[in-house]
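Topology and contacts: notes
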Amino acid sequence: MSEQAASHGATAISVPDMLGVEPLWIATGILVLVYAVLITEKVNRAVLAMLGASLMVLFGIINQAQAVAGVDANTLALLIGMMVIVAITSRCGLFQFVAIKAAKTVKADPTGILIMLTVITAIFSALLDNVTTVLLIAPITLLITEALETKVFPFFVAEILASNVGGTATLIGDPPNIIIGSAAGLSFNDFLSNLAPIAAVCLVVLTSIIYLMNRKELRRIPKSASERIMGFDASGAIRDRVLMYKSLFVLALVLAGFTMGHAYGIQPGTSALAGAALLMLLAYGHQKPDAQSETLHHVFGEVEWVTIFFFGGLFVIVAGVEHVGLLEMFAEAVLDFTEGDLMWTAFLIFWASGILSAILDNIPFVATMIPMIESTAHTFGPDKIEPLWWSLALGACLGGNGTLLGASANLTVAAFAEKAKQPIGFIAFTKVAFPIMILTLIIANLYIWLRYF
């Protein structure tokens, strides 16, 4: 840096200094404002996050370099890579085939279909992500319930709950897990071994409850409706078998990268982007350059860029409040309340994330909590805080089931229901989902206590 530049940097007056306001208050105000408007859903969340991030830089809370450093590139790469893979895979009809085949496997019995769709949603949510899964399963569910001449409400509620519970099980299943894994350096196998067992238990519990609540209604469905389901052609759902085989091959490679890459220093984001690039090459590499460019333009158009930019802006906002020391102050308050006891700190984080994630979208909450948990390493030691990460992940993912606002997958399914003129009311959903969420939180809290303490 030149002497002139250094001199200029030394004498520059920041915006907070000009306003006579502490940077802590400005950063806190931006965070609170973003959260408040986010809850109203009046402004698109990507726009809101980008505006909040811009204010952090424009007000001098952090500089451009600190803003860029605050963005978790691994998380964004993982999301983009998986979205591209799923966008291409969905074109072959594989997911529709699985849903129809499952319905016919249980002889189109309404109860069996409800259970099968719930389990399939959970499995797909663990291997893909919960938002993508419900985008694929919801249209099939509408088709099946229309044939059964029954309301879609219990099916959609079960799928919402299963998507969040299934997403709890793996690193890639739910966006909060992606953020936590990247920040804490936790591998795909770490998530699988720590969270999959309790996710399976919660899935059994919620499926049983949904069945018991709807068993009388399901029994009233006439046999003729089930016969229509049996007439569906599962193999006809496969539109491109060659593409299906290529997609399955790449998905297998990507999952292998997730499970084995950590030992070789390969981040999940790298595996996902590499898989996306390979699948695009295998699927469309034979096309002429102009046709190939047009096809890939449509593929990239299916990436949820609103989510990507929301994450990017959110990371910068969190970097700002972390820089001014707000999260460290919050961590100290938590530790004072729990008197520095690791178990009670884990329980507090778990229940706070569970209840608040039911009210707020769990993604911004988790992004805000991560630096706070990292700061507790000064008290407990870096190698002792792993239970806090699992408490945060379990609370956020399971808590997302509490209301329609709890997770992006919930609102996605609600949009399908509204289009089908069978809207899922906020109160109606909460009456069913919130008690189930509380029950799964109690079970998960017991699991945390037994396994880690």
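Anything mentioned here points back to the structure above.
So, here's what we can say about the structure.

Conventions we followed
Residues numbered from 1 in each chain as written. Predicted model: local features only at pLDDT ≥ 70, side-chain atom pairs only at ≥ 80, totals over all residues. Heavy atoms only, no water. Helix = DSSP H or I, 4+ residues; strand = E, 2+ residues; numbered from the N terminus. Rg over C-alpha atoms; globule rule 2.2 N^0.38 Å. Buried < 20%, exposed > 50% of the residue type's maximum accessible area, 1.4 Å probe, protein only. Areas by Shrake-Rupley, 256 points an atom, 1.4 Å probe, with all protein chains shown as cover. Lys, Arg positive; Asp, Glu negative; His and termini not counted. Charge placed at Lys NZ, Arg CZ, Asp CG, Glu CD. Polar contact = N/O pair within 3.5 Å; in protein donor to acceptor, adjacent residues only side chain to side chain. Contact = heavy atoms within 4.5 Å. Expected span 1.5 Å × (residues − 1). Bend = angle between axes of the 7 residues up to and from the residue. Salt bridge = Lys/Arg side-chain N within 4 Å of Asp/Glu carboxyl O. Patch = residues over 30% accessible without salt bridge, like charges linked within 9 Å, V, L, I, M, F, W, Y side chains within 5 Å. Axes fitted to C-alpha atoms, helices over the stretch in contact; angles between N-to-C directions. Parallel < 35°, antiparallel > 145°, perpendicular 65-115°, else oblique. Left-handed = near helix turned anticlockwise from the far one by under 90°. Phe/Tyr/Trp six-rings, centres within 6.5 Å; stacked < 30°, edge-to-face > 60°. Lys NZ or Arg CZ within 6 Å of the ring centre and 35° of its normal.

**Considerations on the overall build of the protein**
Assigned secondary structure in the protein consists of 24 helices and zero strands. In terms of overall size, the protein behaves like a compact globule, its C-alpha atoms giving a radius of gyration of 23 Å where 453 residues would be expected to give roughly 22 Å. When each of the 453 residues of the protein is scored for burial, the buried share is 55%. Within the structure as shown, the protein displays about 19,900 Å² of accessible surface, and the carbon and sulfur contribution to it stands at 66%. Where the 22 positive side-chain charges of the protein centre and where its 31 negative ones centre are 20 Å apart.

**Details of the side chain of Thr403**
Considering the arrangement of structural elements, one finds Thr403 in the loop between α22 (386-399) and α23 (408-419). Taking the relative accessible area as the measure of exposure, Thr403 reaches 8% and is therefore buried. Within the local environment of Thr403, its side chain forms a polar contact with the backbone oxygen of Ala358, the two atoms lying 2.3 Å apart. In this structure Thr403 touches Ala358, Ile359, Asn410, Phe426, Phe429 and Thr430, once residues within four positions along its chain are discounted.

**Some words on unusual backbone geometry**
Even without being glycine, Ala108 reaches a positive phi, approximately 60 degrees. Assignment of secondary structure puts Ala108 in the loop between α7 (94-105) and α8 (110-127). Judged by its relative accessible area of 0%, Ala108 falls in the buried class. Of note, Glu339 is a non-glycine position whose phi angle comes to about 55 degrees, a positive value. Looking at where Glu339 falls in the secondary structure, it is placed in the loop between α18 (326-338) and α19 (342-359). Of the residues examined, Glu339 reaches a relative accessible area of 74% and is grouped as exposed.

**Overview of helix α17 (residues 305-323)**
Taking 1.5 Å of rise per residue, 19 residues should cover 27 Å, and α17 covers 27 Å from first to last C-alpha, within 8% of that figure. Within α17, 14 of the 19 residues are buried, which leaves the element mostly enclosed by the surrounding structure.

**Describing helix α24 (residues 426-452)**
At Ala433, α24 is deflected by roughly 30 degrees, the largest bend along its length, and proline Pro435 occurs up to four residues later in sequence. Within the span of α24, buried status applies to Phe429, Thr430, Val432, Ala433, Ile436, Met437, Thr440, Leu441, Ala444, Asn445, Tyr447 and Ile448.

**Let's talk about the pattern of salt bridges**
On inspection of all chains with the given rule, the structure shows three salt bridges. Of the charged contacts, one joins Arg91 and Glu302 as a salt bridge, the two residues approaching to 2.9 Å between their closest N and O atoms. Here Arg91, found in the loop between α6 (73-89) and α7, pairs with Glu302, found in the loop between α16 (289-301) and α17; they are 211 residues apart in sequence, far enough to count as distant. Salt-bridge contacts for Arg228 lead to Glu149; the nearest nitrogen and oxygen are separated by 2.6 Å. With Arg228 in helix α13 (residues 223-230) and Glu149 in the loop between α9 (130-148) and α10 (153-168), this pair connects stretches of sequence that are 79 residues apart. Judged by its relative accessible area of 55%, Glu149 falls in the exposed class.

**Quick word on a nonpolar patch on the surface**
Together, Met50, Phe300, Trp305 and Phe309 make up an exposed nonpolar region whose accessible area comes to about 370 Å². Within the secondary structure, Phe300 sits in helix α16.

**Let's talk about the environment of Thr338**
Mapped onto the elements of the fold, Thr338 is located in helix α18. Put simply, Thr338 and Ile436 are 98 residues apart on the chain and 27 Å apart in space, counted from C-alpha to C-alpha. Other than its neighbours up to four places away in sequence, Thr338 contacts Trp344, Thr345 and Leu348.

**Brief notes about the packing of helix α12 (residues 188-219) against α24**
Packed helices, taken two at a time, are described by the angle their axes make and the gap between the axes. At their nearest, the axes of α12 and α24 sit 10 Å apart, and the two run at 150 degrees to each other. In terms of orientation, α12 and α24 fall into the roughly antiparallel class. Here α12 and α24 pass one another in a crossing that is right-handed. Two secondary-structure elements touch here, α12 through Ser193, Asn194, Pro197, Ile198, Val201, Cys202, Val205, Leu206, Ile209, Ile210 and Met213 and α24 through Val432, Ile436, Leu439, Thr440, Ile443, Ala444, Tyr447, Arg451 and Tyr452.

**Some words on the packing of aromatic side chains**
The geometry of two aromatic rings is summed up by the distance between their centres and the angle between their planes. Summed over the entire model, instances satisfying the criterion amount to eight aromatic pairs. Seen in terms of ring centroids, Trp344 and Phe347 are 5.5 Å apart; in terms of plane orientation they differ by 90 degrees. Their pairing is edge-to-face. Taken together, the residues Trp344 and Phe347, both in helix α19 and three residues apart, mark about one turn of the helix. Phe347 gets classed as buried once you look at its relative accessible area, which sits at 12%. With 5.5 Å between their ring centres and 85 degrees between their planes, Phe350 and Trp351 make a pair best called edge-to-face. We classify Phe350 as buried; its relative accessible area is 0%. The positively charged end of Arg45 is found above the aromatic ring belonging to Phe310, 4.8 Å away from the centroid.

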